[in-house]
Each structure stands twice: as structure tokens, then as C-alpha cells.
Amino acid sequence: MISELDKEFNEAFKKASTTKQKLAPDVLLRLYAYYKQAIRGDNFSFNANEDDIKNAFKFNAWAQLKGMTVDEAKKSYIKLVNSILK
């Protein structure tokens, strides 16, 4: 059985994934980080490629959330999506 939080998280993910609105890079990084923390928790993985600075920024944004619970990350993701996408 799926929880209410999971339903809201899935709805927020669909909303963010299908928006036509152009989002600022810092917002995209926060969405990415909250999503990864909500899905993977502190199970970080990073494939280092010296030419791939974009992935380094994404990993850094996620790593800054170390210790945040999965539920906290889901709630933060939902709150961010709802604040930027009406």
C-alpha cells in the first residue's frame, strides 16, 4: 500500500518532469538533490569523469543533504515543486 506522502511525492515528480517552464539551474540542482535523497538516501554513488563538471555539481548538491531522512527529502521536494510550479 502506497502512503499519502509517496502519492504526493509521485505527483510532484510528474509535475516537475512534465513542466514546460524553464527552471533556474540552482532550482534544478535542488530538485535533483532532494529526489536522489528521497530515492537513495545516503547511498551516494558518483562516476568520476574529469570532463563532466555538471555531474560533479549534481553529486555535490546531493551530498550536502547527507543525513536527511527519505521522508524529509520527499517533503522538501514536494514543497519546492509546489512553490515554483503553480
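Above: the structure in question.
Participant: Quick question: what am I supposed to make of the overall build of the protein here?
Facilitator: From N to C terminus, the protein includes 4 helices and 0 strands. The helix and strand sequence of the protein, counted from the amino end, reads α-α-α-α. What you see for the protein is a C-alpha radius of gyration of 13 Å, in line with the 12 Å of a compact globule of 86 residues. Projected onto the principal axes, the alpha-carbon positions of the protein cover approximately 40 × 30 × 20 Å. Considering the protein as a whole, with its 86 residues, one finds that 27% of them fall into the buried category. Taking as baseline every contact in the protein between residues at least 6 positions apart, the subset at least 24 positions apart corresponds to 78%.

Participant: How should the nonpolar core be read in this particular structure?
Facilitator: As a rule of thumb, soluble globular proteins bury nonpolar side chains together. By size, the foremost hydrophobic cluster in this structure holds 19 residues, and its most contacted members are Leu31, Tyr77 and Val81. Elements with a minimum of two residues in this core: helix H1 (4–18), helix H2 (25–40), helix H3 (53–63) and helix H4 (70–84). Every residue in contact with Tyr77, bar those within four places of it in the chain, is listed here: Phe9, Ala12, Phe13, Ala16, Leu31, Tyr34 and Tyr35.

Participant: I keep staring at the packing of H1 against H4 and nothing clicks. Help me out?
Facilitator: Geometrically, a packed helix pair is captured by the angle between its two axes and the distance between the axes. Contact geometry of H1 with H4 gives a least axis separation of 9 Å together with a crossing angle of 45°. Classified by the angle between their axes, H1 and H4 sit oblique to one another. Along this stretch, H1 crosses H4, giving a crossing that reads as left-handed. Together, Leu5, Asp6, Glu8, Phe9, Ala12, Phe13, Lys15 and Ala16 of H1 and Asp71, Lys74, Lys75, Tyr77, Ile78, Val81 and Asn82 of H4 make up the contact between the two elements.

Participant: Got a minute to help me understand the side chain of Lys36 in this structure?
Facilitator: With respect to the helices, strands and loops of the structure, Lys36 is situated in helix H2. As a buried residue without a salt bridge, Lys36 has its nearest oppositely charged side chain in Asp42, at a separation of 12 Å. In this view, Lys36 contacts Gly41 and Trp62; residues no more than four positions away in its chain are not counted.

Participant: For this particular structure, what's the right way to read H2?
Facilitator: Since there are 3.6 residues in each turn of an α-helix, residues three or four apart along the chain are aligned in direction. When the terminal C-alpha atoms of H2 are compared, their 22 Å separation across 16 residues agrees well with the 22 Å that a helix rising 1.5 Å per residue should span. By the burial criterion, the buried members of H2 are Val27, Leu31, Ala33, Tyr34, Lys36, Gln37 and Ala38. Here the buried face of H2 lies against H1, H3 and H4.

Definitions and limits used
- The written sequence of each chain sets the order in which its residues are numbered from 1.
- In keeping with the predicted nature of the model, local features appear solely for residues at pLDDT of at least 70, side-chain atom pairs appear and are counted solely at 80 or more, and the whole-chain, interface and lining totals rest on all residues.
- Side-chain measures here rest on the full set of heavy atoms in the structure, leaving out hydrogens and waters.
- Going along the chain from the N terminus, every DSSP run of H or I of four or more residues is numbered as a helix, and every run of E of two or more is numbered as a strand.
- Every radius of gyration here is taken over C-alpha atoms, with the globule rule written as 2.2 Å times N^0.38, N being the number of residues.
- Exposure classes here rest on a 1.4 Å probe applied to the protein chains alone. A residue is buried below 20% of its type maximum, exposed above 50%, and partly exposed in between.
- Should any heavy atoms of two residues lie within 4.5 Å, those residues are counted as being in contact.
- By nonpolar core we mean a set of buried residues, namely Ala, Val, Leu, Ile, Met, Phe, Trp, Tyr and Cys, connected to one another through side-chain atoms within 4.5 Å.
- Only the stretch in contact is used when a helix axis is fitted, and all axes are lines through C-alpha atoms; the angle between N-to-C directions ranges over 0 to 180 degrees.
- For classification purposes, angles smaller than 35 degrees are called roughly parallel, those larger than 145 roughly antiparallel, those between 65 and 115 roughly perpendicular, and all remaining angles oblique.
- Handedness of each helix crossing follows the sense of rotation of the near helix against the far helix: counterclockwise by less than a right angle gives left-handed, clockwise gives right-handed.
- Positive charges are assigned to Lys and Arg, negative charges to Asp and Glu, while His and the chain termini are left out of the count.
- Salt bridge, as applied in this entry: a Lys or Arg side-chain nitrogen positioned within 4 Å of an Asp or Glu carboxyl oxygen.
- To estimate how far a helix should reach, multiply one less than its number of residues by 1.5 Å.

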